[in-house]
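Geometric and topological summary
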Amino acid sequence: MSEGFSVAVVGATGAVGEAMIEILEARQFPVRKLYALASAKSEGKTVLFRGRPVLVERLDTFDFSQVSLALFSAGGSVSAEFAPKAAAAGALVVDNTSHFRRDEDIPLVVPEVNPEALDTLPERRIIANPNCSTIQMLVALKPLHDLMRLRRIEVATYQAVSGAGSSGVEELARQTAELLNARSHDPKVFTKQIAFNVIPHIDTFQENGFTREEMKMVWETRKILGDESILVNPTCVRVPVFFGHSEAVSVVGEAPLTVAQARAALAKAPGVTLMDGQRNGAYPTPVPNAAGEDAVFVGRLRESLTAPGGLNLWVVSDNVRKGAALNSVQIAEVVQDKLPNR
């Protein structure tokens, strides 16, 4: 058995990079040596792994021929430049940005949903991690899809500010403090004040009036489930929550599905925690349920009032963990036996 693999985490000083390192350790992924990579401004900093400091190195001068696996989460432009270089050097890349997701020859994977996409590694040696909102939705919907074959998905997301990175978290904290102290609070990260507000705008607007964040859910759902005919109608909203995305989802399939059938399927689904009681507090919320946890939480199951045989459900998950870092590490676990021994 291998003594382990050399693993590079690109964007190691960011929120997702830090979570990747934590999860590699928590899940006991066989890391022989960890390389923490970031931009030149982070060179010389340290991150902790297995209780020891790891020196942060510069990405732009790093030799990827040293590593078996490279986990990228440093922005699309960084991945566009350096992920192909890492792959060309022989490393397997798991990329957490949107840059490669729509490429036909790049698998887009949620291990609980379509692990078969990794039966053979892609020639380009790059695997894409889906958008955080798509990941949690499909982990919840896959067991239902297996029973009813989904035809239409209506979804409204309520997305935490950490989805915009550490700057989003800082803006919510700053604005909240300023408002509570009657000081000015000009927005810098978001288009409007985010404290005590909701903003129906994430990413850039497209020609069809939807935002790119919304269209990601359309494109990615179809690719992951392997069905371009599935109708997905999303609205993505930023809310003043630090960690944990929430989604109100309505689905219709080829076959009707009862709440009892859905509960039974979700109760045994991998990665899902069912919280479907009908009393006060018996449903999941970002706090105290999802934030800092790995599971996708599902509750509020009920039959649709407008679509016979359809279902409504509420889905909550930590967007930094399952929506990014954990899913990347789970992909690495699936392909572990295919990694070069470096």
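The structure under discussion appears in the preceding block.
This write-up is about the structure you can find in this document. (Residues numbered from 1 in each chain as written. Predicted model: local features only at pLDDT ≥ 70, side-chain atom pairs only at ≥ 80, totals over all residues. Heavy atoms only, no water.)

1. Comments concerning the packing of aromatic side chains
Working definition: an aromatic ring pair is given by the centre-to-centre distance plus the angle between the planes. Applicable threshold: Each aromatic pair joins two rings of Phe, Tyr and Trp (for Trp, the six-membered one) with centres within 6.5 Å, and gets the label stacked for planes under 30 degrees apart, edge-to-face for over 60, and tilted for any other angle. Working definition: helices are DSSP H or I runs of at least four residues, strands are E runs of at least two. Numbering for both runs from the N terminus. Exposure classes here rest on a 1.4 Å probe applied to the protein chains alone. A residue is buried below 20% of its type maximum, exposed above 50%, and partly exposed in between. By definition, being over a ring means that NZ of Lys or CZ of Arg is both within 6 Å of the ring centre and within 35 degrees of the ring normal.
Tallied over the entire structure, the rule returns five aromatic pairs. Taking 6.4 Å as the distance between ring centres and 35° as the angle between the ring planes, the aromatic pair formed by phenylalanine 5 and phenylalanine 29 counts as tilted. Of this pair, phenylalanine 5 sits in strand E1 (residues 5-10) while phenylalanine 29 sits in the loop between helix H1 (15-26) and strand E2 (31-38); the two residues are 24 residues apart in sequence, bridging distant segments of the chain. Under the relative-accessibility criterion, phenylalanine 5 is labelled buried at 6%. What makes phenylalanine 29 buried here is its relative accessible area of 2%. A centroid spacing of 6.0 Å and a plane angle of 20° characterise the contact between phenylalanine 64 and phenylalanine 72, whose relative ring orientation is stacked. Members of the aromatic cluster, connected to one another through ring pairs, are Tyr35, Phe62, Phe64 and Phe72. The cationic tip of lysine 33 hangs over the ring face of tyrosine 35; the distance from NZ or CZ to the ring centre is 5.0 Å. Cation over ring: arginine 102 sits above tryptophan 219, and NZ or CZ is 3.6 Å from the ring centre.

2. Examining the pairing of strand E4 (residues 52-58)
Rules: Strands are treated as partners if at least two bridges between them are detected by DSSP.
Pairing geometry for E2 and E4, over three bridges, is parallel. Across the sheet, alanine 36 pairs through a bridge with valine 56, a residue of E4. Joining the antiparallel neighbours strand E3 (residues 46-49) and E4 is a turn of two residues, in which arginine 50 adopts a positive phi near 55°.

3. A closer look at the packing of helix H3 (residues 132-148) against helix H8 (residues 321-334)
What counts here: As a rule, the C-alpha atoms of each element are fitted with a line to give its axis, helices using only the stretch in contact, and angles between N-to-C directions run from 0 to 180 degrees. When an angle is under 35 degrees it counts as roughly parallel; over 145 it counts as roughly antiparallel; between 65 and 115 it counts as roughly perpendicular; any other value is oblique. Residue contacts are defined here by distance: any two heavy atoms, one from each residue, within 4.5 Å place the two residues in contact. Three categories are distinguished: nonpolar for Ala, Val, Leu, Ile, Met, Phe, Trp, Tyr, Cys and Pro, charged for Asp, Glu, Lys and Arg, and polar for the others, with Gly belonging to the last.
At a minimum axis distance of 8 Å, the contact between H3 and H8 shows a crossing angle of 85°. Considered as vectors, H3 and H8 are oriented roughly perpendicular to each other. Touching Cys132, Ile135 and Val139 of H3 are Lys322, Gly323 and Asn327, all from H8. Looking at the contact of H3 with H8 residue by residue, the classes come out as three nonpolar, two polar and one charged.

4. Details of the sheet that holds strand E13 (residues 311-317)
The strands that make up a sheet pair up through hydrogen bonds in the backbone, lying either parallel or antiparallel. The six strands are arranged E9-E8-E10-E13-E12-E11 in an open sheet whose pairing can be described as mixed. Strand pairing shows two members of the sheet lacking a second neighbour, strand E9 (231-238) and strand E11 (272-274), which therefore form its edges. On average, each strand axis in the sheet is tilted by 20° relative to the strand beside it, whichever way the strands run. Helix-sheet contacts for helix H5 (residues 212-225) involve strand E8 (150-159), E9 and strand E10 (245-253), and the interaxial angle to E9 is about 145°. Each of E11, strand E12 (296-303) and E13 touches helix H6 (residues 259-267); the most contacted strand, E12, lies at about 170° to it.

5. Concerning the packing of H3 against H5
Applicable threshold: Left-handed is the label given to a crossing in which the near helix is rotated counterclockwise from the far helix by less than a right angle, and right-handed is the label when the rotation is clockwise.
Where H3 contacts H5, the axes come no closer than 10 Å and their chain directions differ by 40°. Taken together, the axes of H3 and H5 lie oblique to each other. Taken as a pair, H3 and H5 cross one another with a handedness that is right-handed. The residues of H5 that touch H3, namely those facing Ser133, Thr134, Met137, Leu138, Lys142 and His145, are Glu213, Lys216, Met217, Glu220, Thr221, Ile224 and Leu225. Taken together, the residues of the contact of H3 with H5 sort by class into five nonpolar, four polar and four charged.

6. Concerning the pattern of salt bridges
Keep this limit in mind: In the sections that follow, a salt bridge refers to a side-chain nitrogen of Lys or Arg positioned within 4 Å of a carboxyl oxygen of Asp or Glu.
A full pass over the atoms with the stated rule returns 22 salt bridges. Glutamate 81 is the partner of lysine 85 in a salt bridge, and the nearest nitrogen-oxygen pair spans 3.6 Å. A residue pair is termed a helical-turn pair when its members lie 3 or 4 positions apart in one helix, as lysine 85 and glutamate 81 do in helix H2 (residues 76-88) at four residues. Judged by its relative accessible area of 46%, lysine 85 is partly exposed. Arginine 212 is paired through a salt bridge with aspartate 203; the nearest N and O atoms lie 3.7 Å apart. Since its relative accessible area comes to 30%, aspartate 203 is described here as partly exposed. Each of Arg149, Arg151, Asp227 and Glu254 takes part in a single network of salt bridges with overlapping partners.

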